[in-house]
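Each chain is listed here by its residues.
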Amino acid sequence: EGIMTQTDRLNGDGFQEVFATNLFGHFMLVRQLQSLLCGNEKPSRLIWTSSSNARESAFSLSDYQHAKGQESYSSSKYATDLTSVVLNRKFNGQGLYSSVVCPGLVMSNMTYRILPVFLWKLLMPVMWLIRFFAKTYTLTPYNGAEAHVWLFKQKPEYLDSHVKYHSCTSGLGRCYVEPRKMDVDEDTAEKLYQKLLELEEQTLEKYHDLLD
Ligand SMILES: NC(=O)C1=CN([C@@H]2O[C@H](COP(=O)(O)OP(=O)(O)OC[C@H]3O[C@@H](n4cnc5c(N)ncnc54)[C@H](OP(=O)(O)O)[C@@H]3O)[C@@H](O)[C@H]2O)C=CC1
Ligand SMILES: CC(C)CCC[C@@H](C)[C@H]1CC[C@H]2C3=CC[C@H]4[C@H](C)C(=O)CC[C@]4(C)[C@H]3CC[C@]12C
């Protein structure tokens, strides 16, 4: 199953699988690396692969793992956007900068679980045509990585933490980046961050034997 099309379920740690895969695992990693990422001479940067599919309406603070709804993917991506915003507020002063990108529609294992591979291949000429109108049909991983590569070339201090950077490809195949303002609220971001910290604490407690 793919992370977008799967029926969400609890993973072995008791977390909603989509939330854990798309956000919490990475959040734990960032927290573990925090002392290395902060306070360096040069700025450190995090780039989260979010999605234009992130939707506020799919996310709820009272069910931030999305155990009750049917839009786990959109919820986890919105939570990712919130997390990036709050990490910037907390750690920019210590030289850690976080950004979110959307790679656009890229043919990958994820999309091959939405429609079968042969059908995507048959539809390819149609997709190339659609690209004349839909710039987010990047289609290849190479094109989809445009925003990631572009971000690495920017000075993180000048980036807007409330902007998502979208990889785009024109009808003639030119790759470029489009910044779009995100619909995120600082207060919700802070509350989510506190919940993530609580979950992290419980997880570290549960696995402290392995970490010692
Ligand atoms: N493709 C697209 O159109 C878009 C992709 N994105 C985002 O880009 C990122 C990369 O996706 P993409 O390269 O397209 O997809 P892929 O399916 O190629 O990669 C997804 C990765 O996630 C891993 N994964 C999937 N489900 C689980 C799970 N339940 N537990 C642990 N690991 C899991 C897969 O592991 P394994 O290899 O072991 O299966 C794989 O390494 C994702 O965050 C996706 O949401 C965003 C917008 C559009
Ligand atoms: C040739 C087309 C007419 C047929 C394809 C139809 C649909 C299966 C796909 C059309 C647009 C696709 C998507 C758009 C946005 C992606 C988003 C950014 C993401 O994060 C995950 C995948 C997408 C939702 C993707 C999924 C397939 C489509 C809906």
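Up top is the structure.
This section reports on the structure supplied with the text. (Residues numbered from 1 in each chain as written. Chains lettered and ligands numbered in written order. Predicted model: local features only at pLDDT ≥ 70, side-chain atom pairs only at ≥ 80, totals over all residues. Heavy atoms only, no water.)

Tallied over the entire structure, the rule returns 1 cavity of 30 Å³ or more. Estimates place the volume of the largest cavity at around 30 Å³. Forming the walls of the largest cavity are Arg-45, Leu-46, Ile-47, Ser-99, Leu-151, Pro-156 and Leu-159. Considering every element that reaches the lining of the largest cavity, the biggest residue donor is strand β1 (residues 44–49), with 3 residues. By residue class, the composition of the lining of the largest cavity is 5 nonpolar, 1 polar and 1 charged. (1 Å grid on protein atoms, 1.4 Å probe; cavity = no way out; pocket = protein on both sides within 12 Å on 5 of 7 lines; lining within 4 Å. Points joined across faces, edges and corners; volume = space filled by probe spheres on them. Helix = DSSP H or I, 4+ residues; strand = E, 2+ residues; numbered from the N terminus. Nonpolar A, V, L, I, M, F, W, Y, C, P; charged D, E, K, R; others polar.)

So, on to the environment of Arg-55. Position of Arg-55 among the secondary structure elements: in the loop between β1 and α2 (72–91). For Arg-55, a relative accessible area of 33% gives the class partly exposed. Separated by 99 residues in sequence, Arg-55 and Gln-154 have C-alpha atoms that sit 27 Å apart. Each residue touching Arg-55, except ones within four places of it in the same chain, is listed here: Glu-71, Ser-74 and Tyr-78. (Buried < 20%, exposed > 50% of the residue type's maximum accessible area, 1.4 Å probe, protein only. Contact = heavy atoms within 4.5 Å.)

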